[in-house]
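Each chain, written out:
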Amino acid sequence: MKNLDFNADKALAKDFLTNFADAYGEPKYLKLLQDVSNRKLRSIQIELDDLVNYKDLDEEFLQRVTENTRRYISIFAEAIDELMPEPTEVFPVDEDRDILMTQRVDDGADGADNSDPLQKMPSEIKRFFEVYIKAFSKGTPLTIRQVKASNIGQLVKISGIITRCSDVKPLMQVAVYTCEDCGFEIYQEVTARVFMPLFECPSSRCKINKAKGNLILQLRASKFLKFQEARIQELAEHVPKGHIPRSLTVHLRGELTRKVAPGDVVELSGIFLPIPYTGFRAMRAGLVADTYLEAMSIIHFKKKYEEYELKDDEQEKIERLAEDGDIYNKLARSIAPEIFGHEDVKKALLLLLVGAPHRKLSDGMKIRGDLHICLMGDPGVAKSQLLKHIINVAPRGVYTTGRGSSGVGLTAAVQKDPVTNEMVLEGGALVLADMGICAIDEFDKMEESDRTAIHEVMEQQTVSIAKAGITTSLNARTAVLAAANPAWGRYDLRRTPAENINLPPALLSRFDLLWLILDRADMDSDLEMARHVVHVHQNLESPSFGFTPLEPSVLRAYISAARRVVPSVPRELEEYIATAYASIRQDEAKSNAPHSYTTVRTLLSILRISIKIICNCRH
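Looking at an unreviewed UniProt entry, one finds the protein chain named DNA replication licensing factor MCM7, with Elaeis guineensis var. tenera as its source organism. Annotation of the protein chain in UniProt includes, under Sequence similarities (unreviewed entry), the sentence "Belongs to the MCM family." Entered under Subcellular location (unreviewed entry) in the UniProt record, the comment concerning the protein chain runs "Nucleus".

Novice: Which residues make up the packing of helix H12 (residues 343–354) against helix H13 (residues 383–393), and what values do they have?
Specialist: Orientation of H12 relative to H13, taken along the N-to-C sense of each, is 30 degrees, at an axis distance of 11 Å. Between H12 and H13, the crossing angle belongs to the class labelled roughly parallel. Two packed elements cross with a definite hand, and for H12 against H13 that hand is right-handed. Residues Val345, Lys346, Leu349, Leu352 and Leu353 of H12 form the contact with H13, whose own contacting residues are Leu386, Ile390 and Val393.

Novice: Account for the sheet that holds strand S13 (residues 373–377), naming residues and giving values.
Specialist: The parallel open sheet is built from five strands, whose spatial order is S14-S17-S20-S13-S21. Looking at strand neighbours, the two that pair on one side only are strand S14 (397–401) and strand S21 (513–517), the edges of this open sheet. Neighbouring strand axes in the sheet, compared pairwise and without regard to direction, differ in orientation by 15 degrees on average. Together, S13, strand S17 (437–441), strand S20 (479–484) and S21 form the strand contacts of H12, whose direction differs from that of S21 by roughly 155 degrees. Seen against the sheet, H13 touches S13, S14, S17 and S20 and runs at an angle of roughly 160 degrees to S17.

Novice: Account for the packing of aromatic side chains, with residues named and values stated.
Specialist: Overall, the coordinates contain nine aromatic pairs when judged by the stated rule. Ring centres 5.5 Å apart and planes at 40 degrees place the aromatic pair Phe16 and Phe20 in the tilted group. Assigned by exposure class, Phe16 and Phe20 land together as buried. Consider the rings of Phe128 and Phe129, whose centres lie 6.1 Å apart with planes at 90 degrees: the pair is edge-to-face. Classification of Phe128 by relative accessible area gives partly exposed; the value is 21%. Each member of the aromatic cluster is reached from another via a ring pair, and the members are Phe16, Phe20, Tyr29, Tyr54, Phe61, Tyr72 and Phe76. Between Lys347 and the ring centre of Tyr328, over which it is positioned, the NZ or CZ distance is 5.5 Å.

Thresholds applied
Residues numbered from 1 in each chain as written. Predicted model: local features only at pLDDT ≥ 70, side-chain atom pairs only at ≥ 80, totals over all residues. Heavy atoms only, no water. UniProt positions renumbered as here; feature names shortened; annotations may be inferred. Axes fitted to C-alpha atoms, helices over the stretch in contact; angles between N-to-C directions. Helix = DSSP H or I, 4+ residues; strand = E, 2+ residues; numbered from the N terminus. Parallel < 35°, antiparallel > 145°, perpendicular 65-115°, else oblique. Left-handed = near helix turned anticlockwise from the far one by under 90°. Contact = heavy atoms within 4.5 Å. Pairing = 2+ DSSP bridges. Phe/Tyr/Trp six-rings, centres within 6.5 Å; stacked < 30°, edge-to-face > 60°. Buried < 20%, exposed > 50% of the residue type's maximum accessible area, 1.4 Å probe, protein only. Lys NZ or Arg CZ within 6 Å of the ring centre and 35° of its normal.

Here is the structure:
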């Protein structure tokens, strides 16, 4: 009966793969199979949306695929084996695999002894593709705590943030042995993370001869799959009051490896499965099993600027914006429109998002292009809200506070890897924000020893580590956005700026822009701000600006297009900039002011800021 069900489901799968047509009326999956046969693709993704839209849809078949996904992956794989067309193009030969497969067919290994299942070549070793089933695109993804025991074996879709990723390791899929006595090739399919190797030859010839043939594991003849383990954690907005975020282990295989990194906010669809404990933990756990998600598809909520592909409507919007003469002001006013005023600060934050191109010299020396900004101001001037909004707009951003962060938490910590039990480095906030923005609130509340940890990151953009026998350098190409209060809580006009700021000169010189935001009493501005706050509180939106503020997605699209522009300083301005810098230095030397100083970092900051303004305006 089971065999009949299997054959019927395989017939339905073959019918779907053969007859399903895309929006243009062309056979979607037959074209994919041809690309796989020509070795252009290594994976085939079966979309449940296509199954729903299929004209000869079998509702029960769709339900079985959703509720018993792992079984139907093997059914679709066998259907694809039978439908796989012959290659139509010349492709590069995978030397080891193709030579071994040719030799096995020539030697008749496939039909050596069909009565012995261990001698029959498994279909898994012949395949050069992987099959994934993608969940429905519509519908709200589940949170981790909404995935229950009733979802075991089913295809689920969850959202969260990636907190940890292991290295990519080879996972054995089919173990191949050679017998020293009879010379037969023995196959062992591996379906779990651990397996018991074979030691005695199970072939009929060794049994007849009553010889316990010694088996030798052939690593080059075996089939391995890329494997990576990740950890996904609930988003902060999904955690109920008084609870801590839950996390779930995710297994990534094949072409899905290296698709996520710590700090990425993603939507995963996969099969929710149990995994028994092993070793001493199994004795303590008893009948309780751990759970994991076998990933089938990955969708990033916020793509990197480099990976951003503009859609047709976004391209039209950007072209219309580029023709607008007041684009710089409109983009700046679209950043946190609910916050009143701070137009110059918002322009600086726009420059922070755009970034200047990194310069790499011929001798390997690098000049950073990221902008570092410090917002120093009185309480209640919306510094933290600006930081939170920038993190939401940026494709990659990490938010942390000064009092809640240690030097190790910002840079890197040495921990034991739960998979390999080796000492590994766990990246901190600055490493997680690589190629993004790290927002540090309450910067003035940090301990001095912890604050010195970011000196190297802000200028060299690396984190050098020498701990527990691990000596390495991690990339931390991040723009630092810090918010701090003055030394006495509020800015004291009777004291000098250096006394109010109260940051060491070595750290202060690394910031390209330092904003002093003061809360001064003024009847007109206070009245206008109060009306703005009341309007936002009542209507949950900002007052009219005379134009519609851009959505964060459109803002990201425009910034990604602006970042592709690589401007440089014109030759006619070189002498002017050099003369202006020298005159500023000369004026400071004459004034002998203790709190005003200009260094070469100031000159580089001016160049970075001017290049970013050119990026915005020229695009």
